[in-house]
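# Coordinates in review
Listed here are the chains, written in short residue letters.
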Amino acid sequence: MDLKKRILEIAPETQFVEQGDIKAIVPSSSFYALAKKLKEDEDTSFDFLLSLTGMDFGDSLGVIYHLESTKYGHTCVLQTSTTNRENPELYSVCDLWKTANFNEREVYDFFGIRFINHPDMRRLFLRDEWNGYPFRKDYDMESNPLNMTNEVTEDKTTELTIDAEGKVIEKENTLFDDKEYVINIGPQHPSTHGVLRFRTSLQGEIIKKIEPYCGYIHRGIEKMNESLTYPQTLALTDRLDYLSAHQNRHALCMLIEKALGVEIPERVQYIRTIMDELQRIDSHILFYSCLAMDMGAITPFTYGFRDREMILDIFEQTTGGRLIQNYNVIGGVQADIHPDFVNSVKKFIPYFRNILKEYHDIFTGNVIVHQRLKGVGVLSKEDAISFGTTGGTGRASGWACDTRKRKPYAMYDKVDFKEIVYTEGDSFARYMVRMDEMLESMKIIEQLIDNIPEGAYQVKMKPIIKVPEGSYFTSVESSRGEFGVFLESKGDKYPYRLKYRSTGLPLVAAVDTITKGGKIADLIAIGGTLDYVIPDIDR
Amino acid sequence: MGLKKPKIKSIKYEEFQDNESLEKMAAELNANGVNVILGAVDDVINWGRANSPWSLTFATSCCGIEFMAIGAARYDMARFGFEVTRPSPRQADLIMVCGTITHRMAPVLKRLYDQMAEPKYVVAVGGCAVGGGPFTKSYHVVQGVDKIIPVDVYLPGCPPRPEAFLYSMMQLQRKIKLQKFLGGVNRKEKKQK
């Protein structure tokens, strides 16, 4: 099927730009109809909104959509924009893809674009009284000094709708009414895994609604990137999702290498793949430890951290860092692997394979664990795709969404491993996916570790790296889902816009759907199995 | 009589960094002399206080994972008496600010600090808490927690190694050992306008 022809049939004014990835530029008036058709038509069925990126083009403000079909695997990139900078308005797609709800709020927060028909047009990361929109190019960085007054939480929100005459009107929606019993969880709460805040409306002990509040660790990394050179931007990726430090950096390096057309030596590909998988095991061990800790079991926590230290030792030997390694660089890796690297990995794998049985003995088989996880917090496959909850959460709901299989990169098309998919969609399935994935990661490492080819560990790059003009997107499978990087370059040594597809934001957006009708006590177990990392959500 | 030197079991007094500011603090506290009886009682109380500071489980980002690591078996902060962490600020003696503090989090942190009972201590952990770290140019990051709350020990690193965490706690112990629990004022807060 010719996608280009198809899009032109629906929206004839569409233009195509072929700089980097092919992008379809759609006028804002016909955008919603096109998106709806592309999603609902049988032969296109773009049911997965991978990424939604706000953009400031200088003269206009716009949004870029990365769509993907889980059925056929084809992708397309759409762009729409408005030239009205005073009062920019675009049509919302949050009724087509549920993940658009939070993403559009993010765009409103950063660029001030208001989405018509979005039920909840509030800021997502910044405070309500924030002045201006920080991601606009004309934003004054000094315009918002530190405000130490306590935040007031509003129960009302606004929605823009179109009335019978075709005029845009504002409507008021209620988040929580006066009679509801609302309790506040977070931002300082040990089991929200960081500084996330939930407002939870309860009926007895049944959850009626959850409203997540993000932004307590919003560090503005994407905006900072716009004034950093490409090698400098790498340093901040490790700090996004610190339990996927290698994979995040791998994604950005891969993107820049792809844009520059640099061929990467095979030795580097081997090293990167092994490091990624070690990082995945490290992250999943931490997931296991923290889930157990959240549910009140202390011993698995000490077990997990004991074995995690062995991986950290391997990292430290080669990279010098424990948690944040700063190892990948554009064109290769920072330093060659330590002479003992192969040995210590080979020692670790059989040890850990053995100890994993112990993990299952002490925790997985426990009757309390079964009762608290099985059948709790079910997420259906349709919802998982609509929310874009990639990674272990998606795979537990029966959605085969592993980026390593869908879009193989590095060495993943040459190694043999199984994609773990469960169909139950409950907390226990989410837990088991990660436990089984550790075995698969070990299998991958075992296939590679003996065959690391000789050669250079780095390609010599120019001192100043300039990415050719265009827009690019790459994604990797990080420890908790598909981590994507979108780059819009104007040919400078600084990126024009660099956006990270957060793995955690869809998970937080889905919390309300997952927990609705469940018990408040289960919220902790559900949050634990979703396994989000807050700095990755807030960026 | 010279100033008393706080004793930490495993490291000699001379081997600690930055003894000058500790001595300066002790000299200021003891400028008006020390009551013989109260001073002796203070020493006993401080011995107990220094060996059991309970910290608040407060972590915003990366440093929090390393904080968990020192709670686990390998680094085991229980050896020093720090192992009790409290999720409630009302039961905590000390707050380890692990990670970046953003503009939205700043009032929350201040509130947590205000909710803690005196005597209370703050350790700024990691580059972000010390002075903004890699995010100094950001529009939404507080450039160091000392802009909001008084800091007792600064611990640089991104993230600091677990050994550094323990070292910072020992520095805090030395500070606690010198302070007056009875009959003295250790810190005066400015009057709010």
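Residues numbered from 1 in each chain as written. Chains lettered and ligands numbered in written order. Predicted model: local features only at pLDDT ≥ 70, side-chain atom pairs only at ≥ 80, totals over all residues. Heavy atoms only, no water.

### Side note on the overall build of chain B
The number of helices and strands found in chain B is 6 helices and 5 strands. In sequence order, the secondary structure elements of chain B are arranged as α-α-β-α-β-β-α-β-α-β-α. By the compact-globule yardstick of 16 Å for 193 residues, chain B fits well, its C-alpha radius of gyration being 17 Å. Each principal axis of the C-alpha atoms in chain B carries an extent, and together these give about 50 × 50 × 30 Å. Counting all 193 residues of chain B, 50% fall into the buried class. Partitioning the intrachain contacts of chain B with sequence separation of at least 6 by distance along the chain shows that 79% fall at a separation of at least 24. For chain B, the accessible surface area stands at approximately 9300 Å², while carbon and sulfur atoms represent 56% of it. Here chain B contributes 27 positive and 18 negative side-chain charges, whose respective centroids are spaced 5 Å apart. (Helix = DSSP H or I, 4+ residues; strand = E, 2+ residues; numbered from the N terminus. Rg over C-alpha atoms; globule rule 2.2 N^0.38 Å. Buried < 20%, exposed > 50% of the residue type's maximum accessible area, 1.4 Å probe, protein only. Contact = heavy atoms within 4.5 Å. Areas by Shrake-Rupley, 256 points an atom, 1.4 Å probe, with all protein chains shown as cover. Lys, Arg positive; Asp, Glu negative; His and termini not counted. Charge placed at Lys NZ, Arg CZ, Asp CG, Glu CD.)

### Thoughts on the overall build of chain A
When helices and strands are counted, chain A shows 17 helices and 17 strands. Scaling as 2.2 N^0.38, a compact globule of 539 residues should have a C-alpha radius of gyration of about 24 Å, and chain A matches this with 23 Å. The principal-axis extent of the C-alpha atoms belonging to chain A is close to 70 × 60 × 50 Å. A burial count over chain A gives 62% of its 539 residues as buried. In chain A, the share of contacts with a sequence separation of at least 24, taken over all contacts with a separation of at least 6, comes to 67%.

### As for the confidence of the model for chain B
All names here are of chain B. Mean pLDDT over chain B works out to 83, with 92% of the residues at or above the 70 mark. For chain B, the element scoring lowest by mean pLDDT is helix α1 (residues 19–29), at 80; strand β4 (residues 121–125) scores highest, at 91. Interface scoring of the predicted complex returns ipTM 0.86; its pTM is 0.89. (pLDDT = per-residue confidence, 0-100.)

### Brief notes about the sheet that holds strand β12 (residues 206–213) of chain A
Pairing between the strands of a sheet is mediated by backbone hydrogen bonds and can be parallel or antiparallel. All names here are of chain A. Taken in spatial order, the 3 strands line up as β10-β11-β12 in an open sheet, and their pairing is antiparallel. Each edge of the sheet is formed by a strand with only one pairing partner; in this case those strands are β10 (181–185) and β12. Neighbouring strand axes in the sheet, compared pairwise and without regard to direction, differ in orientation by 25° on average. Relative to strand β11 (residues 197–203), β10 runs antiparallel, the two being bridged by 5 bridges. Bridge pairing in β11 places valine 182 opposite serine 201. Contacts from helix α15 (residues 505–515) reach β11 and β12, with the element oriented near 175° to β12. (Pairing = 2+ DSSP bridges. Axes fitted to C-alpha atoms, helices over the stretch in contact; angles between N-to-C directions.)

### Concerning the interface of chain A and chain B
On the side of chain B, 39 residues touch chain A, which itself brings 49 residues to the contact. Regarding the contact of chain A and chain B, the summed buried area is about 3800 Å², with carbon and sulfur atoms giving 66% of it. Where chain A meets chain B, there are 5 salt bridges. Between aspartate 313 of chain A and arginine 74 of chain B there is a salt bridge, with the nearest N and O atoms lying 3.0 Å from each other. Where chain A packs against chain B, one counts 14 residue pairs in polar contact (both at pLDDT 80 or more). Looking at the side of chain A that touches chain B, the elements that each hand over two or more residues are α4 (221–225), α7 (266–294) and α8 (299–319) of chain A. Looking at which element gives the most residues to the side of chain A that touches chain B, the answer is α8 of chain A, with 6 residues. Of the residues assigned to the side of chain A that touches chain B, the class counts are 30 nonpolar, 9 polar and 10 charged. (Buried area = accessible area lost by both parts, 1.4 Å probe. Salt bridge = Lys/Arg side-chain N within 4 Å of Asp/Glu carboxyl O. Polar contact = N/O pair within 3.5 Å; in protein donor to acceptor, adjacent residues only side chain to side chain. Nonpolar A, V, L, I, M, F, W, Y, C, P; charged D, E, K, R; others polar.)

### Quick word on the pattern of salt bridges
Residues and elements named next belong to chain A. All chains considered together, the criterion is met by 60 salt bridges over all chains. With a closest N to O distance of 2.5 Å, arginine 6 and aspartate 43 form a salt bridge. Here aspartate 43 lies in the loop between α2 (28–40) and β3 (48–56) and arginine 6 lies in helix α1 (residues 3–10), a separation of 37 residues in the sequence. One salt bridge connects lysine 137 with glutamate 226, and the closest N-O pair in it is separated by 3.1 Å. With lysine 137 in the loop between β7 (114–116) and β8 (156–162) and glutamate 226 in the loop between α4 and α5 (230–237), the pair connects residues that are 89 residues apart, well separated along the chain. Given a relative accessible area of 37%, lysine 137 falls into the partly exposed group.

### Topic: the packing of α7 of chain A against helix α16 (residues 522–530) of chain A
Residue and element names in this part refer to chain A. The N-to-C vectors of α7 and α16 enclose an angle of 175°; their axes lie 9 Å apart at closest approach. Taken together, the axes of α7 and α16 lie roughly antiparallel to each other. Contacts between α7 and α16 involve Phe287, Leu291 and Asp294 on the former and, on the latter, Ile524, Ala525, Gly528 and Thr529. Split by residue class, the contact of α7 with α16 holds 4 nonpolar, 2 polar and 1 charged. (Parallel < 35°, antiparallel > 145°, perpendicular 65-115°, else oblique.)

### Topic: the sheet that holds strand β15 (residues 470–478) of chain A
Residue and element names in this part refer to chain A. With antiparallel pairing, 3 strands are arranged side by side in an open sheet as β15-β16-β17. With partners counted over all chains shown, the strands left at the sheet margins are β15 and β17 (497–501), one partner each. Looking at each pair of strands side by side, their axes are set apart by 15° on average, direction ignored. With 5 bridges joining them, strand β16 (residues 481–489) and β17 adopt antiparallel strand pairing. Each residue of the ladder has a partner; that of glycine 484, found in β17, is arginine 501.

### A closer look at the packing of α7 of chain A against helix α14 (residues 427–449) of chain A
Two quantities define a packed helix pair, namely the angle between the helix axes and the distance between the axes. All names here are of chain A. At a closest axis distance of 9 Å, the pairing of α7 and α14 adopts a crossing angle of 155°. If you check the angle between α7 and α14, you find them roughly antiparallel. α7 and α14 meet at a crossing whose hand is left-handed. Here Tyr270, Thr273, Ile274, Glu277, Leu278, Arg280, Ile281, His284, Ile285, Phe287, Tyr288 and Leu291 of α7 lie close against α14, whose contacting residues are Arg430, Tyr431, Arg434, Met435, Glu437, Met438, Ser441, Met442, Ile444, Ile445, Leu448 and Ile449. Here the contact of α7 with α14 is built from residues that sort into 16 nonpolar, 3 polar and 5 charged. (Left-handed = near helix turned anticlockwise from the far one by under 90°.)

### Description of the nonpolar core
Grouped together as the largest cluster of nonpolar side chains are 101 residues, with contacts concentrated most on Leu78 and Tyr532 of chain A together with Val97 and Ile101 of chain B. Among the elements that line this core, the one with the most residues is α15 of chain A, at 7 residues. What isoleucine 101 of chain B contacts, discounting residues up to four positions off in sequence, is Phe58, Thr60, Ala106, Leu109, Val141, Val142, Val145 and Ile148 of chain B. (Core = buried A, V, L, I, M, F, W, Y, C linked by side-chain atoms within 4.5 Å.)

### Side note on the side chain of asparagine 173 of chain A
All names here are of chain A. For asparagine 173, the location among the structural elements is in strand β9 (residues 168–174). Polar side-chain contacts of asparagine 173 include one of 2.8 Å to the side chain of glutamate 159. Ignoring anything within four residues of it in the chain, the contact list for asparagine 173 reads Pro119, Asp155, Lys156, Thr157 and Glu159.

### Quick word on helix α4 (residues 106–115) of chain B
Taken together, the buried positions of α4 of chain B are Ala106, Pro107, Leu109, Leu112 and Tyr113 of chain B. Check the buried side of α4 of chain B and you find it contacts β1 (55–56), β3 (94–98) and β4 of chain B.

### Quick look at the pairing of strand β1 (residues 15–19) of chain A
Across a regular strand the side chains alternate sides, sitting on one face of the sheet and then on the other. Residues and elements named next belong to chain A. Here β1 runs beside strand β2 (residues 21–25); their pairing, made up of 5 bridges, is antiparallel. Directly across from glutamine 19, in β2, lies its bridge partner aspartate 21. Here β1 folds back onto β2 in antiparallel fashion, the turn holding 1 residue, of which glycine 20 has a positive phi close to 75°.

### A word on the state of the cysteines
Residue and element names in this part refer to chain A. Scanning the entire structure with this criterion turns up 0 disulfides over all chains. As a non-bridged cysteine, cysteine 214 has cysteine 94 as the owner of its nearest cysteine sulfur, 16 Å distant. Given the relative accessible area of 0%, cysteine 214 is considered buried. (Disulfide = S-S within 2.5 Å.)

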